[in-house]
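Take a look at the letters that make up each chain.
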Amino acid sequence: MTPRTLALAACIAGLAGGAFADTHAGKVKVGMITTLSGGGAGLGIDVRDGFMLAAKQAGNDKLEVIIEDDQRKPDIAVQLADKMIQSEKVDVLTGIIWSNLAMAVIPGAVAQGKFYLSPNAGPSALAGRGCSPLYFNVAWQNDNLHEAAGAYANSAGYKNSFILAPNYPAGQDALTGYKSQYEGELSGELLTALGQTDYASEIAQIRASGADSVFFFLPGGMGISFLKQYADSGVDIPVVGPAFSFDQGILQAVGDAALGVVNTSQWSKDLDNPTNTAFVESFQAEYGRLPSLYASQGFDTANLLLSAMDKADISDADAFQAALEEADFASTRGEFKFNTNHHPIQDIYVREVIREGDVYTNKIIGTALEDHGDAHAAECQMQ
Amino acid sequence: MSPILLAEQILNGVQLGVMLFVMAAGLTLVFGVMGLINLAHGSLFMVGAFAAAAVAGATGSFMLALVSALAAAAAAGALIEVLVIRRLYARDHLDQVLATFALILIFSEGTRWIFGSFPLYLNIPDYLSGPVTLPGGIQYPLYRLTLIGIGLAIAAGLFVLISKTRLGIQIRAGENDREMIAALGVDISKLYTIVFALGAGLAGLAGALVGAIQSVQVGMGEPVLILAFVVIVIGGIGSIKGALIGALLVGLTDTLGGVLLPHLFKLFTDPATATSAGSALASMLIYILMAVVLIWKPTGLFGARA
C-alpha cells in the first residue's frame, strides 16, 4: 500500500538546439490523484494507463506527471492534493474517480488557482452553482448515462420499470437521472446499501413486482454480484443500466450472466473514428488488455491538456482556459465540445454485451441521446 | 406482500445466516480458545475465494475449487499462526488488532500483486444453477438452497467435533483454563495451530461458496468480517451454538428488515421518504439488535464469560 510515485519525463524529443533553449518555458506539471489500491483500483489504473498512453504517444517532454494513490479515501485525497499544490508545485490536477473524493478536492484546488481536469467524477454540485472557470470535466456529468438509459427505455417501449441504486448521492442522482427521461410508470424503487453484495431480497421483490424492465446503477463489484444472482434467479425481465457495471474490467468477472444486457455509454471500443481505432489498438499493444471507458476518458483528458499546451502557456491562466474551452483535440468519442459549464456535450450510445471469442465486450446498437449536455448548466455562473 | 414473497425472503435470510455462521465459527473459536481478536479473518475469506477462482479457472471443476479454497485458507491460516499470531497471545488486544490489521493490508496487496486489480470470474457450476420450484410455488435458486444445506451440515459437523471428539474436549478445556490443560500435557501450541487453521479453512470455504454468486475481488472480506463480529458478539464469544443462533438472527433481521421496514414506513409517510428512511433504518437494524441483546445479556446469548 506504499503510495507509488512515478515521474514521467515523457519521451525525449531528441532534438538539440531550439528545444534546449526553452526547457523551462511552458513546462506543465500534472498531479494525478487516483485510486490504485483497494476495491476500486481497476478504474484508477485504467484512467492512469489511458492518460500515460496519450502522454507517451505525444512524446512531449514538457509534460511531467506525478501519480499518487488516494486509496479511495477523501482525507487521503485532500492530503495528496495539498502536497502536490504546495510542495510539488503542480499546475494541473487530475485523476479522481469517485464523486465524494472529487467534492473534497476540487473546490479547494481551483480556489488556489490550479486547473482541474476530471477524467471521471462529475458531481452535479460542480456542474451547477459550484462550477469554476478552472474546472473541466472530460468524461460526463454524473446524470448523463442514467438519462440516456431512461431515453432508451422509452424507445424500447418499456412502461413499467423497477429501479434500484445504492443509497448515496451518486445513487440517488442515478434514479433521478433515469426518471427525468423515462415516461412510463414505476413498479418499484429501491435504495440498497452501498457495498452490498447480496441481492437475493431485491431480486425477489423484482420477481413479485410485475415489472416489464429493470434499471439498475450498481458500480463495480455490486454490479457483478447483482448480475450473477439475477441470471441465476430465473427472472427474465430485461435489464438496462449505465456502462459502469459493464466496463471491460468487470465483464470478464460476470461472464455469461451479462450477455445481451443493454447499457448506455458515451464511448465504446467499436466507435468508428480513426482516433478511437488507433487508441484501442495502441492500448492493447501497450498493456495487453482491451481498454475500458475509463481508459478512454484518461486518454481524452491527456489529449485535451496537450492540445491546450500547444495553444497557450500555462502561466497565462486566461489564455490556457480559453485553449481548454476550445477542446481542439481528436477525441476517442468523435465529436466533443464543452458546454458553458465546462462539461461535455456529446452523443450517448446504447450498447449490448456480446462475446468475441473468449472475451466479453460491448457493441453499439444505437444512439440514446444526441449532442446531450446536462441539466445543471443553466445554474452555472462562471466567475 | 404475498406469502410467497415473504417465504422467499425468509429463505434468503436463512441462507445469509448460515454463510455468516461458517465465517463466524472460526472467529468465535479463535477468540474463545486463544483470546485473540483476529481482524485478518476476512482476508482468509478472500484467500479462499481467490484460490477457488484460480482453480476453477484452471480445471473447470467446482468441487476441486471448493477443496482447494479450504486447503489454501487453512494453509494460510496455519502459516500466519506460526509466523505472527503465536507471538500475540500474551499481548493485549490493542497489539493484536494492530498486528492483524497489518495482515489485512499484506494479504490485500499480496493478492493484488498475484492476481491483479480486476475482479476474477467464479461461477456456479451448471448442475447447481437456475431456480427450482418449492412446494407452494416458490421459485428459489438451487445454489442458495445448496448453501443452506452445506451451512447446516457444517454446523452439525462442528457440534459433533466439539462435543464428541478428543480434539473437541481439548478445545473446550482450552476455553476454560489454558494453563491447566497445558499442565496436563496437551501440546497447547499445536492445538492453537489446529484451531486457527480450522477456523481459517471454514472462512476460506465460505469465501469460495459466496464468491460464486458475488464478486471475487480484493477487499471482499472486510464487510463480511464486520457482520461476523456482530454475530459472535450477539451469540456470545467462544460459543458455536451462539454463533449459529446469532448468525441466523442477523441474517433474518437484515433481510426481513430491508424488505418490511420501507413497507411499514409507507403507512405513515409518502413513498419516496419511506423508501429512503426505511432503507437507512434497515441498514442499522442489526446493530440495534446487537445493542438490545447486549443490554439484556451483556455476555451475549450463550456467552459464558464477561
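Computed from a predicted structure; not experimentally measured.

Draft legend 1. A look at the overall build of chain B. Per the secondary structure count, chain B includes 11 helices and 2 strands. In terms of overall size, chain B behaves like a compact globule, its C-alpha atoms giving a radius of gyration of 20 Å where 306 residues would be expected to give roughly 19 Å. When the 306 residues of chain B are sorted by exposure, 53% land in the buried category. Long-range pairs, those at least 24 residues apart, make up 77% of the contacts in chain B with a sequence separation of at least 6. Here chain B has roughly 12900 Å² of accessible surface; of this, 72% comes from carbon and sulfur atoms.

Draft legend 2. Here's a closer look at the interface of chain B and chain A. In this complex, chain B contributes 36 residues to the contact, which on the side of chain A involves 35 residues. Of all residues in chain B, the largest losses of buried area upon contact with chain A belong to B:Phe118, B:Tyr121 and B:Gln214, amounting jointly to 20% of the total for that side. The tally of links between chain B and chain A comes to 2 salt bridges. Residues B:Arg144 and A:Asp198 are paired through a salt bridge, measuring 3.0 Å at the closest nitrogen-oxygen approach. Between chain B and chain A we count 14 residue pairs in polar contact (both at pLDDT 80 or more) in total. Where the side of chain B that touches chain A is concerned, the elements lending two or more residues are helix H1 (3-34), helix H4 (93-115), strand E2 (138-141), helix H5 (142-164), helix H10 (240-266) and helix H11 (271-296) of chain B. For the side of chain B that touches chain A, the class distribution of residues is 16 nonpolar, 16 polar and 4 charged.

Draft legend 3. Geometry of the packing of helix H3 (residues 62-83) of chain B against helix H8 (residues 188-211) of chain B. Residues and elements named next belong to chain B. Where H3 contacts H8, the axes come no closer than 7 Å and their chain directions differ by 140 degrees. Viewed along their axes, H3 and H8 adopt a mutual orientation that is oblique. H3 and H8 meet at a crossing whose hand is right-handed. Across the interface between the two elements, Leu-66, Ala-69, Leu-70, Ala-73, Ala-74, Gly-77, Ala-78, Ile-80, Glu-81 and Val-82 of H3 pack against Tyr-192, Thr-193, Phe-196, Ala-197, Ala-200, Gly-201, Leu-202, Gly-204, Leu-205, Ala-208 and Leu-209 of H8. Looking at the contact of H3 with H8 residue by residue, the class counts come to 16 nonpolar, 4 polar and 1 charged.

Draft legend 4. Quick look at H10(B). All names here are of chain B. Over its 27 residues, H10 runs 39 Å from end to end, which matches the ideal 39 Å to within 8%, given 1.5 Å per residue. In H10, a bend of some 40 degrees at Gly-257 exceeds every other bend along the element. Capping of H10 at its N-terminal end is provided by Ser-239; its side-chain oxygen lies 3.4 Å from the backbone amide nitrogen of Lys-241.

Draft legend 5. Expanded view of the pairing of E2(B). Residue and element names in this part refer to chain B. Where strand E1 (residues 131-134) lies against E2, 4 bridges are found, and the strand directions are antiparallel. From the neighbouring strand, Val-132 faces E2, where its bridge partner is Tyr-140. Between the antiparallel neighbours E1 and E2 lie 3 residues, among them Gly-136 with a positive phi of about 95 degrees.

Draft legend 6. Fine view of the pairing of strand E7 (residues 160-166) of chain A. Residue and element names in this part refer to chain A. The buried fraction of E7 amounts to 6 of the 7 residues, a majority that puts the element mostly inside the structure. Here E7 runs beside strand E8 (residues 185-192); their pairing, made up of 7 bridges, is parallel. Note that in E8 the partner of Leu-164 across the bridge is Leu-190. Between the parallel pair E7 and E8, the chain is carried across by helix H7 (residues 169-181), and the sense of this crossover is right-handed. As judged from the 4 bridges shared by E7 and strand E9 (residues 213-216), these two strands associate in the parallel manner.

Draft legend 7. Local environment of the environment of B:Tyr287. Residues and elements named next belong to chain B. The topology assignment puts Tyr-287 in helix H11. Given a relative accessible area of 37%, Tyr-287 falls into the partly exposed group. Sequence separation between Tyr-287 and Ser-43 is 244 residues; the distance between their C-alpha atoms is 23 Å. Those residues within four positions of Tyr-287 in sequence are excluded, and the remaining contacts are Ile-226 and Val-230.

Draft legend 8. Fine view of the domain arrangement of chain A. Residues and elements named next belong to chain A. According to the domain assignment, chain A contains domain 1 (6-121 + 272-332) and domain 2 (144-266 + 347-377). Of the residues lining the interface, 6 residues belong to domain 1; the matching set on domain 2 comes to 8 residues. Of the roughly 650 Å² buried at the junction of domain 1 and domain 2 (both faces included), carbon and sulfur atoms supply 65%. It is Leu-290, Leu-293 and Tyr-294 in domain 1 that bury the most area against domain 2; as a group they hold 64% of the surface buried on that side. Here domain 1 is connected to domain 2 by 0 salt bridges. Counting the contacts that link domain 1 with domain 2 gives 1 residue pair in polar contact (both at pLDDT 80 or more). Per-class residue counts for the side of domain 1 that touches domain 2 are 4 nonpolar, 2 polar and no charged.

Draft legend 9. Spatial organisation of the side chain of A:Gln205. Here A:Gln205 shows up in helix H8 (residues 200-209). Accessibility expressed as a relative area gives 14% for A:Gln205, which makes it buried. Apart from residues lying up to four places away in sequence, A:Gln205 is in contact with A:Phe162, A:Leu190, B:Leu5, B:Gln9 and B:Val259.

Draft legend 10. Spotlight on a nonpolar patch on the surface. All names here are of chain B. Together, Leu-6, Ile-10 and Leu-260 line one region of the surface with nonpolar side chains, adding up to about 220 Å² of accessible area. Mapped onto the fold, Leu-6 is located in helix H1. Accessibility expressed as a relative area gives 34% for Leu-6, which makes it partly exposed.

Draft legend 11. Representation of the environment of A:Trp267 in the model. Residue and element names in this part refer to chain A. Relative to the helices and strands, Trp-267 is located in the loop between strand E11 (262-265) and helix H11 (274-287). Looking at Trp-267, the relative accessible area reads 2%, which means it is buried. Residues Trp-267 and Ser-292, spaced 25 residues apart in sequence, show a C-alpha to C-alpha distance of 8.8 Å. When near neighbours in sequence (up to four residues on either side) are disregarded, Trp-267 contacts Asn-276, Phe-279, Val-280, Pro-291, Ser-292, Leu-293, Ser-296, Thr-332, Arg-333 and Arg-351.

Draft legend 12. Inspection of the side chain of A:Lys114 at higher detail. All names here are of chain A. Looking at the element boundaries, Lys-114 is found in the loop between helix H4 (99-111) and strand E5 (115-118). The buried charged residue Lys-114 lacks any salt bridge, with Asp-91 as its nearest oppositely charged partner at 5.3 Å. Apart from the residues within four sequence positions on either side, Lys-114 is in contact with Ile-85, Val-90, Asp-91, Ala-109 and Leu-134.

Draft legend 13. Spatial organisation of the pattern of salt bridges. If you walk through the whole model with that rule in mind, you get 16 salt bridges over all chains. With a shortest N-O distance of 3.0 Å, A:Arg289 and A:Asp49 are connected by a salt bridge. Of the two residues, A:Arg289 is situated in the loop between H11 and helix H12 (293-311) and A:Asp49 in helix H2 (residues 41-58); the sequence distance between them amounts to 240 residues. Among the residues examined, A:Arg289 registers a relative accessible area of 22% and is labelled partly exposed. Residue A:Asp49 is classed as buried on the basis of its relative accessible area of 7%. As a salt-bridge pair, B:Arg86 and B:Glu81 come within 3.3 Å of each other at their nearest N and O atoms.

Draft legend 14. Looking closely at the state of the cysteines. Residues and elements named next belong to chain A. Within this structure, the stated rule accounts for 1 disulfide over all chains. Disulfide partner of Cys-131: Cys-380, at an S-S distance of 2.0 Å. Handedness here is read from the sign of the S-S torsion; for Cys-131 and Cys-380, about 90 degrees, the answer is right-handed. With Cys-131 in the loop between helix H5 (124-127) and strand E6 (135-137) and Cys-380 in the segment after strand E14 (359-372), the pair connects residues that are 249 residues apart, well separated along the chain. Relative accessible area serves as the criterion here: at 12%, Cys-380 is assigned to the buried category.

How each quantity is defined
- Residues numbered from 1 in each chain as written.
- Chains lettered and ligands numbered in written order.
- Predicted model: local features only at pLDDT ≥ 70, side-chain atom pairs only at ≥ 80, totals over all residues.
- Heavy atoms only, no water.
- Helix = DSSP H or I, 4+ residues; strand = E, 2+ residues; numbered from the N terminus.
- Rg over C-alpha atoms; globule rule 2.2 N^0.38 Å.
- Buried < 20%, exposed > 50% of the residue type's maximum accessible area, 1.4 Å probe, protein only.
- Contact = heavy atoms within 4.5 Å.
- Areas by Shrake-Rupley, 256 points an atom, 1.4 Å probe, with all protein chains shown as cover.
- Buried area = accessible area lost by both parts, 1.4 Å probe.
- Salt bridge = Lys/Arg side-chain N within 4 Å of Asp/Glu carboxyl O.
- Polar contact = N/O pair within 3.5 Å; in protein donor to acceptor, adjacent residues only side chain to side chain.
- Nonpolar A, V, L, I, M, F, W, Y, C, P; charged D, E, K, R; others polar.
- Axes fitted to C-alpha atoms, helices over the stretch in contact; angles between N-to-C directions.
- Parallel < 35°, antiparallel > 145°, perpendicular 65-115°, else oblique.
- Left-handed = near helix turned anticlockwise from the far one by under 90°.
- Expected span 1.5 Å × (residues − 1).
- Bend = angle between axes of the 7 residues up to and from the residue.
- Pairing = 2+ DSSP bridges.
- Right-handed = clockwise from strand over helix to strand, strands pointing away.
- Domains from an automatic or database assignment.
- Patch = residues over 30% accessible without salt bridge, like charges linked within 9 Å, V, L, I, M, F, W, Y side chains within 5 Å.
- Lys, Arg positive; Asp, Glu negative; His and termini not counted.
- Disulfide = S-S within 2.5 Å.

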